[in-house]
Amino acid sequence: MKRSASESTDRTSRRRLLQASAVAATVGLAGCIEEMGTEFPQNTKWPVSEQVPDLPVRERVEIVEERIHELAEADIAGPDELVSTLGEYDLAIESIERERDVLTLEYVNTDRADEGNLHDVGLLAGGYAALIDGGYEAAALGATILDDAPASYGSATVETPWAVEYNHGELTAAEYGEHVAGTIESQRYEPEVEVDPEE
């Protein structure tokens, strides 16, 4: 069945109208997106813990922050006092020594499966802040994390400028903890799956 010339013209004009509307909508949206980009600039500030809203689950920084508070006010004047204070929290220190301007420490994480590394690293950060506040001078604290073997499986670093800024109130405990937690490196262990050969 042939269409009349007026029907063809109507279809063509409807198609052009739809195309023009689509182009106008795209241009309008592009303007909105451009405005949104200028309204919400990219975040350039770090650490971000003070900008994150409260969540219903415990964040890793919250765990470190809590542990920092536990030791930051302690009276720690030297490495031996740091070791004895950490020992009161059941942190099994294997060794502590000074290598050039870095205080190095090895400890066994006996609760690795249950708690991970954050609980212990938070204590180290708080204890190191107290040590620096007590007048000890070093560039950083380098911690080697050992497993039960004991073999090294991880590390963490606490930079002295972070501890100083925390002690002077320039960083909150959450921000200080965020810096320190960001340095944690650890080996992942594959889970052991036991399969009964009869199954």
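None of these values were measured; they are calculated from a predicted model. (Residues numbered from 1 in each chain as written. Predicted model: local features only at pLDDT ≥ 70, side-chain atom pairs only at ≥ 80, totals over all residues. Heavy atoms only, no water.)

Chemist: Explain the overall build of the protein chain to me, please; I cannot follow it from the model alone.
Modeler: When you go through the protein chain residue by residue, the secondary structure sums to seven helices and five strands. Listing the helices and strands of the protein chain from first to last along the sequence gives α-α-α-β-β-α-α-β-β-α-α-β. Within the protein chain, buried positions represent 33% of all 199 residues. Once local pairs closer than 6 in sequence are excluded, the contacts in the protein chain between residues at least 24 apart make up 60%. (Helix = DSSP H or I, 4+ residues; strand = E, 2+ residues; numbered from the N terminus. Buried < 20%, exposed > 50% of the residue type's maximum accessible area, 1.4 Å probe, protein only. Contact = heavy atoms within 4.5 Å.)

Chemist: Help me out: how do you make sense of the sheet that holds strand β1 (residues 92–99) in this one?
Modeler: Two pairing modes exist for strands in a sheet, parallel and antiparallel, and in both the strands are linked by backbone hydrogen bonds. Strand order in the open sheet formed by five strands is β1-β2-β3-β4-β5, with mixed pairing between adjacent strands. Single-partner strands in this sheet number two, and they are β1 and β5 (185–186). As defined by bridge partners, strand β3 (residues 140–146) adjoins strand β4 (residues 152–159) across seven bridges and the pair is classed as antiparallel. Bridging from a neighbouring strand, I145 pairs with G154 of β4. The strands touched by helix α3 (residues 79–87) are β1 and β2 (102–108); relative to β1, the strand with the most contacts, the crossing angle is about 165°. (Pairing = 2+ DSSP bridges. Axes fitted to C-alpha atoms, helices over the stretch in contact; angles between N-to-C directions.)

Chemist: Would you explain the packing of aromatic side chains in this entry?
Modeler: The relation between two aromatic rings is expressed through the spacing of the ring centres and the mutual angle of the planes. The tally for this structure, following the rule as stated, stands at one aromatic pair. Both rings, one in Y166 and one in Y176, keep their centres 5.0 Å apart while their planes meet at 15°; by these two values the pair is stacked. Residue Y166 is found in helix α6 (residues 160–167), and its partner Y176 is found in helix α7 (residues 173–181); the two are separated by ten residues along the sequence. Judged by relative accessible area, which is 13%, Y166 ranks as buried. Assessed through its relative accessible area of 0%, Y176 is described here as buried. (Phe/Tyr/Trp six-rings, centres within 6.5 Å; stacked < 30°, edge-to-face > 60°.)

Chemist: Where do I start with the packing of helix α5 (residues 118–133) against α6 in this structure?
Modeler: For any two helices packed against each other, one specifies the inter-axial angle together with the distance between the axes. Contact pair α5 / α6: the axes reach a minimum separation of 9 Å and the direction vectors enclose 80°. Classified by the angle their axes make, α5 and α6 are roughly perpendicular. Here α5 contributes Y128, A129, I132 and D133 to the contact with α6, which in turn contributes T160, A163, V164, Y166 and N167. Here the contact of α5 with α6 is built from residues that sort into six nonpolar, two polar and one charged. (Parallel < 35°, antiparallel > 145°, perpendicular 65-115°, else oblique. Nonpolar A, V, L, I, M, F, W, Y, C, P; charged D, E, K, R; others polar.)

Chemist: Can you help me understand a negative patch on the surface in this one?
Modeler: Taken together, E94, E97, E99 and E106 make up a surface patch of like negative charges. Here the negative patch gets three residues from one element, more than from any other, and that element is β1. Residue position: E97 is located in strand β1. Note on E97: relative accessible area 43%, which makes it partly exposed. (Patch = residues over 30% accessible without salt bridge, like charges linked within 9 Å, V, L, I, M, F, W, Y side chains within 5 Å. Areas by Shrake-Rupley, 256 points an atom, 1.4 Å probe, with all protein chains shown as cover. Salt bridge = Lys/Arg side-chain N within 4 Å of Asp/Glu carboxyl O. Lys, Arg positive; Asp, Glu negative; His and termini not counted. Charge placed at Lys NZ, Arg CZ, Asp CG, Glu CD.)

Chemist: Whenever I open this one, the nonpolar core confuses me. Can you help?
Modeler: Side chains of a nonpolar character, in soluble globular proteins, are inclined to be buried together. Formed by 39 residues in total, the largest nonpolar core has its most connected members in I68, L86, L105, Y107, L124, Y128 and Y176. Residue assignment for this core shows that the elements contributing at least two residues are α2 (60–72), α3, β2, α5, β3, β4, α6 and α7. With ten residues, α5 is the single largest residue contributor to this core. When sequence neighbours within four positions are dropped, the list of residues in contact with L86 reads L71, L91, I93, L105, L123 and L124. (Core = buried A, V, L, I, M, F, W, Y, C linked by side-chain atoms within 4.5 Å.)

Everything listed here is a matter of geometry and, on its own, says nothing about what the molecule does.
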